[in-house]
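Analysis of the macromolecular model
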Amino acid sequence: MSRNRKVVKILHYERGFYVLYEKRPVMGRFKKPVFDEVSKCYRIQWSDMAYLTESIVVDKMYVSPKD
């Protein structure tokens, strides 16, 4: 997440490959995650994660032909 909380990048492993999401809200900022001192990482609620990733829209997709 950027310092001003206007950009978030999420790295996700799915079915043998990594997916990188980059989200930018039209208005406002993302909710600040809570830092967990025990695990030394930030925690985010599943509902917030679903909100971040549910509206991904693919504009263009290129598939190279098999040789």
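The model shown is predicted, which means the values in this text are computed figures rather than measured ones.

**Considerations on the packing of aromatic side chains**
In this structure the tally under the stated criterion is two aromatic pairs. Aromatic pair Tyr13 and Tyr18: ring centres 4.9 Å apart, planes at 65°, arrangement edge-to-face. Classification of Tyr18 as exposed rests on a relative accessible area of 59%. Arranged with centres 5.0 Å apart and planes meeting at 65°, the rings of Phe35 and Tyr42 form a pair that is edge-to-face. For Tyr42, a relative accessible area of 53% translates into the label exposed.

**Describing the pattern of salt bridges**
Taken as a whole and judged by the stated rule, the model has three salt bridges. Ionic pairing is found between Glu22 and Arg24, a salt bridge with its closest N-O pair at 3.0 Å. What makes Glu22 partly exposed here is its relative accessible area of 40%. A salt bridge links Lys40 to Glu37; its shortest N-O distance comes to 3.5 Å. Classification of Lys40 by relative accessible area gives exposed; the value is 56%. If you follow the salt bridges from partner to partner, you end up with Lys9, Glu22 and Arg24 in one network.

Thresholds, definitions, all that
- Residues numbered from 1 in each chain as written.
- Predicted model: local features only at pLDDT ≥ 70, side-chain atom pairs only at ≥ 80, totals over all residues.
- Heavy atoms only, no water.
- Phe/Tyr/Trp six-rings, centres within 6.5 Å; stacked < 30°, edge-to-face > 60°.
- Buried < 20%, exposed > 50% of the residue type's maximum accessible area, 1.4 Å probe, protein only.
- Salt bridge = Lys/Arg side-chain N within 4 Å of Asp/Glu carboxyl O.

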